Amino acid sequence: METVPHAVDPDRAAQHGSVVMRLLDELFPLVEGFYVDLHKNPELSHAEQRTASGVAEWLTRTGYEVHKGIGGTGVVGILRNGPGPTVMLRADMDALPLEEKTGLPYASTTRAPDEDGVEVPVMHACGHDAHTACLVGAADLLSETRDEWAGTVMIVAQPAEETLDGAQAMLADGLYDRFGRPDVILGQHLGPQPAGLISHRAGIILGASRAYRVRVHGEGGHASQPHTTVDPVVIAANIVTRLQGVVSREISPSEMAVLTVGRIQAGTKANIIPDEAYLEINTRALNDNVADQLESAIERIVRAEAAASGAAREPDIEMFVSCGVTRNDATCSAEVAAAHHAYFGEDYVIHLPDPSPGTEDFNYFGLPGDPQPIPYVFWFVGATPHDVWEAAPGDTPYEKMGNVPSNHSPFFAPAREPTLRAGLAAITVAALSYLGADGARGGASSAPAGAAFPGPAPDAVHEPRAVAGDPVDPFGGAPARGETAPQPAAPLSDPLSDPFGPPQGLPAPGGRPAQAGPPEPNDAYDSAFLASSWPDPAQDPAKSTYDADMDAVMGAQDDELRDEWRSDKAEESTLSTDMASILDDDGVPQGPPQGPPAGPSYGGPPPRGSAHHAPPPHGPDDDLPDAEYRL
Ligand SMILES: [Zn+2]
Ligand SMILES: [Zn+2]
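It should be emphasised that the depicted structure is a prediction, and the values quoted were computed from it without experimental measurement.

A look at the environment of Ala 150
Tracing the chain through its elements places Ala 150 in the loop between α4 (128-144) and β6 (151-158). Taking the C-beta count within 10 Å as the criterion, Ala 150 has 17 such neighbours and is therefore assigned partly exposed. As for Ala 150 and Gly 84, which are separated by 66 residues in sequence, their C-alpha atoms are 5.6 Å apart.

Next comes the structure, spelled out in structure tokens:
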């Protein structure tokens, strides 16, 4: 089908979600158990056999037609449930070569050979274990509630996201030819926001990434006789220094650009001038023009520095990673955000003012460059434990985001229950935005109206941070629009009294393990925390999304500047184009966080920490992508 499916009314999607989520308490321990199992047994990119088997087993058990080995270890599950759109739900399965330092009782101690055969520690430091657990949980919930919806669910568990080649591998293996082309694609990613918070962004949400290998050829010799050599170490050093000026002097200040030399190697001994030096360079940008500009600057500077030092042989420059931006369809993004808004309540859904410089290969599933690309929506699910968030330095949410352990940090320790519950509900409700029916079908008519996140309702004893009179508690089944909150079916079971135990020794901001305080027994349902941490999105309901976005991006700038953003001449800039797509779209929920500061860290989870301890480079034929170029 070529047309974008019609999304159901967001309140109806939320109602379907409420009905479907009634099964959540029954299913949740299984999802949580699967997550813990994956976390303890992470697998590197291209080696996700055990994870893939777990996914395939789960899907088979719940009635899906299952296909394994798609594009390597990829798994596809199909569930046909009458006429209707095909909705693809995607998660990634791979982990990182990183030694876990979270102190969690289920921390990974796994070691495995990397693609060079070198044994490395392995950790789920990017949350792909949670993505996968939420994916099979959502698949199960949808399978168990077929009366609530119609259409086809296409489950895609992707390998090798961290190497940015898993999505392409699945497509090249005939994903759409063999299993049908979806009408809309949905995906999510954990990020360093408060656990349970859902962050949307219409238009570009993640940047583009490219990576280059550079080999500089000098002429080696004795360290005491430098005049007889061409020293590649000096050439490489000058290249690194000179490249630092590219973003600041050559790229327009209105564009986002990053250029990082992530690897530099030369020589073996102090008294030998080597023959060559080797560098790896990574760039990030929000559009191809900027990425091309960075590329040509790299090429020009590398060649010029080699020539300036009198190198007889031209340097070798090779691009070995190239991944485009993730650009959410504006209409679909608004539809899914509206359904999340209706389901979770306004305190749990925000609109990000700026894209993240992180990169995902999720965008390939949308067939960029195709005459009829497939619309997709990708959002973030906050994973930071609330006590860690609260203790993080920073006066604003965006400052705090830069000060909590983030994706790719050895301390990345998602708050298990609130994160999984939110991720599971978010992808299920998003699917029901397209699969659900506007008219009542099956049990939908008996759904409670309004926002609801059924699950155990809050218990005053377990709500240490609850504010007296706070009317909103989306995680517990919030009263909305004057409705009375549904009564809890059963008393709250302490989510942290389970066999997995509470996380111990969560890292303090800055990477130091914190004292394990008394466990927060009801962190998952503590709406007062979020409500007090993020500005109230409903504070100024009259403000348009566009204007609020402008505030967020520009602060309290004067109107003249705003007009400039609106003017045609600003249209080449990525941000303006992106804003235009938001402006076109009336359905985005009102009210992004107000007035976040300009700064490098807001807008999504930036990569942090050293993700990769790579061995020395092989020869020029070594074209295996490294694991450090994505979110
Ligand atoms: Zn990731
Ligand atoms: Zn990652």
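That was the structure; now back to the text.
Quick notes on the sheet that holds strand β15 (residues 316-323)
Read across the open sheet, the four strands follow the order β12-β14-β10-β15; overall the sheet is antiparallel. Two strands bound the open sheet, and with one partner strand each, they are β12 (257-266) and β15. Averaged over all adjacent pairs, the angle separating strand axes in this sheet is 15 degrees, with direction ignored. Looking at chain direction, strand β10 (residues 208-217) and strand β14 (residues 276-285) are connected through ten bridges and run antiparallel. Within β14, the residue paired with Val 214 across the bridge is Leu 279. Its contacts with the sheet place helix α7 (residues 232-250) against β10, β12 and β14, and it is angled at close to 170 degrees to β12.

Focus: α7
Compared with an ideal rise of 1.5 Å per residue, which puts 19 residues at 27 Å, α7 spans 26 Å between its outermost C-alpha atoms and is within 8% of the ideal. Where α7 is buried, its residues contact β10, β12, β14 and α8 (288-308).

Thoughts on the confidence of the model for the protein
A residue-level look at the protein finds 68% of positions with pLDDT of 70 or above and a mean pLDDT of 76. Long-range and interchain partners of residues 440-630, a stretch whose pLDDT sits below 50, account for 363 contacts in this model, where long-range means more than four residues apart.

What to know about the nonpolar core
Membership of the largest hydrophobic core comes to 128 residues, with the highest contact counts inside it found for Leu 89, Ile 155, Leu 186 and Ala 431. It is helix α12 (residues 416-435) that contributes the most residues to this core, twelve residues altogether. Taken together, domain 1 (10-206 + 326-443) and domain 2 (208-323) each give at least three residues to this core, which thus spans both. Here Ile 155 is in contact with Leu 59, Tyr 64, Val 76, Gly 77, Leu 89, Leu 135 and Ala 139, once residues within four sequence places are set aside. With 15 residues, the next largest nonpolar core counts Ala 47, Leu 98, Ala 107 and Val 120 among its residues.

A closer look at the packing of helix α2 (residues 24-40) against α4
Viewed as axis vectors pointing N to C, α2 and α4 meet at an angle of 150 degrees, and their least axial separation amounts to 9 Å. As summarised for this structure, α2 and α4 are arranged roughly antiparallel, according to the angle between their axes. In this structure, α2 meets α4 at a crossing whose hand is right-handed. Contact residues: Leu 27, Val 31, Phe 34, Tyr 35, Leu 38 and His 39 in α2; Asp 129, Ala 130, Thr 132, Ala 133, Val 136, Gly 137, Asp 140 and Leu 141 in α4. Among the residues forming the contact of α2 with α4, the class breakdown is nine nonpolar, three polar and two charged.

A few points about unusual backbone geometry
In this structure, Ala 160 takes a positive phi of about 55 degrees despite not being glycine. We classify Ala 160 as buried; it has 27 C-beta atoms within 10 Å. Backbone geometry at His 408 places phi at a positive 75 degrees, although glycine is not the residue there. Considering the arrangement of structural elements, one finds His 408 in the loop between α11 (397-401) and α12. Classification of His 408 by C-beta neighbours within 10 Å gives buried; the count is 25.

Description of the sheet that holds strand β8 (residues 198-200)
The strands making up a sheet associate through backbone hydrogen bonding, with each pair oriented either parallel or antiparallel. In space, the eight strands of this open sheet follow the order β1-β2-β6-β3-β7-β18-β8-β17, with mixed pairing throughout. The open sheet has two free edges, formed respectively by β1 (65-70) and β17 (349-351), since each of these has just one partner strand. Ignoring strand direction, the axes of neighbouring strands in this sheet form an average angle of 25 degrees. Summarising the sheet, strand β2 (residues 74-81) and β6 pair through seven bridges and their orientation is antiparallel. The residue bridging Val 75 from the neighbouring strand is Ala 157, located in β6. Sheet strands touched by helix α3 (residues 49-61): β1, β2 and β6. Its angle to β1, the strand with the most contacts, is close to 165 degrees.

Focus: the pairing of strand β7 (residues 184-194)
Counting buried positions along β7 gives eleven out of eleven residues, so the element sits mostly inside the fold. With four bridges connecting them, strand β3 (residues 86-92) and β7 associate as parallel partners. By the bridge assignment for β7, Arg 90 is matched with Gly 187. Taken together, the eight bridges between β7 and strand β18 (residues 376-384) define a ladder with parallel strand orientation. If you follow Gly 191 over to β18, its bridge partner there is Gly 382.

Looking at the pairing of β10
Most of β10 is tucked away: eight of the ten residues are buried. Of the strand pairs in this sheet, β10 and β15 are connected by seven bridges, and their pairing is antiparallel. Within β15, the residue paired with Tyr 212 across the bridge is Met 319.

The rules behind the values
- Residues numbered from 1 in each chain as written.
- Chains lettered and ligands numbered in written order.
- Predicted model: local features only at pLDDT ≥ 70, side-chain atom pairs only at ≥ 80, totals over all residues.
- Helix = DSSP H or I, 4+ residues; strand = E, 2+ residues; numbered from the N terminus.
- Buried ≥ 20, exposed ≤ 12 C-beta atoms within 10 Å, placed from the backbone.
- Pairing = 2+ DSSP bridges.
- Axes fitted to C-alpha atoms, helices over the stretch in contact; angles between N-to-C directions.
- Contact = placed C-beta atoms within 7 Å.
- Expected span 1.5 Å × (residues − 1).
- pLDDT = per-residue confidence, 0-100.
- Core = buried A, V, L, I, M, F, W, Y, C linked by C-beta atoms within 7 Å.
- Domains from an automatic or database assignment.
- Parallel < 35°, antiparallel > 145°, perpendicular 65-115°, else oblique.
- Left-handed = near helix turned anticlockwise from the far one by under 90°.
- Nonpolar A, V, L, I, M, F, W, Y, C, P; charged D, E, K, R; others polar.

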